Amino acid sequence: MGDVKKVDHTFKAKIFKSPTFCHVCNGFILGLGQKGLRCSECYLTIHKACQEKVDTSCIDKSGGELVPEKQEMTWLNIAKNNDLSTYYSKGSPWDTYDKLDELGRGGGGIVYEVQHKKEATRWALKELPKDSYDLYLLEREILVMKDLHHTGLVELKEAFHDDVNIYLVLEIVNGGELFDRI
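Only a predicted model underlies this, so the values are computations on that prediction, with no experimental measurement involved.

Thresholds, definitions, all that
- Residues numbered from 1 in each chain as written.
- Predicted model: local features only at pLDDT ≥ 70, side-chain atom pairs only at ≥ 80, totals over all residues.
- Heavy atoms only, no water.
- Pairing = 2+ DSSP bridges.
- Helix = DSSP H or I, 4+ residues; strand = E, 2+ residues; numbered from the N terminus.
- Axes fitted to C-alpha atoms, helices over the stretch in contact; angles between N-to-C directions.
- Phe/Tyr/Trp six-rings, centres within 6.5 Å; stacked < 30°, edge-to-face > 60°.
- Buried < 20%, exposed > 50% of the residue type's maximum accessible area, 1.4 Å probe, protein only.
- Expected span 1.5 Å × (residues − 1).
- Arc of directions from axis to C-beta.
- Contact = heavy atoms within 4.5 Å.
- Salt bridge = Lys/Arg side-chain N within 4 Å of Asp/Glu carboxyl O.

Visitor: I'm lost on the sheet that holds strand 7 (residues 109-116) in this one. Help?
Guide: Where strands meet in a sheet, backbone hydrogen bonds hold them as pairs that are either parallel or antiparallel. Spatially, the five strands line up as an open sheet ordered 6-7-8-10-9, and their pairing is antiparallel. The sheet terminates laterally at strand 6 (97-106) and strand 9 (156-161), the two strands that pair on one side only. Averaged over all adjacent pairs, the angle separating strand axes in this sheet is 25°, with direction ignored. Summarising the sheet, strand 9 and strand 10 (residues 165-170) pair through five bridges and their orientation is antiparallel. The residue of strand 10 that forms the bridge with His161 is Ile166.

Visitor: I'm lost on the packing of aromatic side chains in this one. Help?
Guide: Working definition: an aromatic ring pair is given by the centre-to-centre distance plus the angle between the planes. With the rule as written, the count across this model stands at three aromatic pairs. With a centroid separation of 6.0 Å and 80° between ring planes, the pair formed by Trp94 and Tyr112 is classed as edge-to-face. A residue pair is termed long-range when its members are at least 10 positions apart, and Trp94 in helix 1 (residues 93-96) and Tyr112 in strand 7 qualify at 18 residues. Overall, Trp94 belongs to the partly exposed group, its relative accessible area being 25%. You can call Tyr112 buried: its relative accessible area is 9%.

Visitor: Would you explain helix 2 (residues 135-147) in this entry?
Guide: Note that an α-helix has 3.6 residues per turn; residues three or four places apart therefore point the same way. Over its 13 residues, helix 2 extends 19 Å from the first C-alpha to the last, a length consistent with the 18 Å expected when each residue adds 1.5 Å. Of the residues making up helix 2, those classed as buried are Leu138, Ile142, Met145 and Lys146. The arc enclosing the buried residues of helix 2, seen along the axis, measures out at 95°, which places them on a common side. Each element contacted by the buried residues of helix 2 is listed here: strand 8 (122-129), strand 9 and strand 10.

Visitor: What am I meant to see in the pattern of salt bridges here?
Guide: Scanning the entire structure with this criterion turns up three salt bridges. With a shortest N-O distance of 3.9 Å, Lys117 and Asp98 are connected by a salt bridge. Residue Lys117 is found in the loop between strand 7 and strand 8, and its partner Asp98 is found in strand 6; the two are separated by 19 residues along the sequence. Note on Asp98: relative accessible area 38%, which makes it partly exposed.

Visitor: I would appreciate a short explanation of the pairing of strand 10 in the present structure.
Guide: As a general feature of sheets, a regular strand has side chains that alternate between the two faces. Among the six residues that make up strand 10, six are buried, leaving the element largely enclosed by the rest of the structure. Where burial is concerned, the two faces of strand 10 agree: the one with Asn165, Tyr167 and Val169 and the one with Ile166, Leu168 and Leu170 are both buried. By the bridge criterion, six bridges tie strand 8 to strand 10 in an arrangement that is antiparallel. Residue Glu127 lies in a different strand from strand 10, and its bridge partner there is Tyr167.

Here it is as structure tokens:
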């Protein structure tokens, strides 16, 4: 991996538009207009009260990434490709899919049932407004979802984007709202 310099986090106050977890205590940063702190280098997100408890080092300015020395991550074999354009499909999702029904709506976006125009397979299409999410974290999640394949995980078939939204085409899961079941 080469020489990596350990540096301190550079935290800045941030107002989150959607529920966000603190990476230290795993609690929600809650409340309308609540400010948490986010590192401007590695995007670590924390409560203000948890700032003194942060025990991990940040990435260095040259982009080197620190990996915890004792943590084995062989199960997570994700290809690191910094070019996100390879993960987005070309064009609009509506060129490839027909909208059948609205499955749900919430603060994070709208989910539609769609059908692939050529294959006639059904999928869930999640429409996420770009201004409601931290784009860096959302795109990082897309990178992970595209490379992880397991029967216990919802499959991400493909992703699209335009000036306003990011669209995720996901395996359709029947059975109602997960929140209602927990």
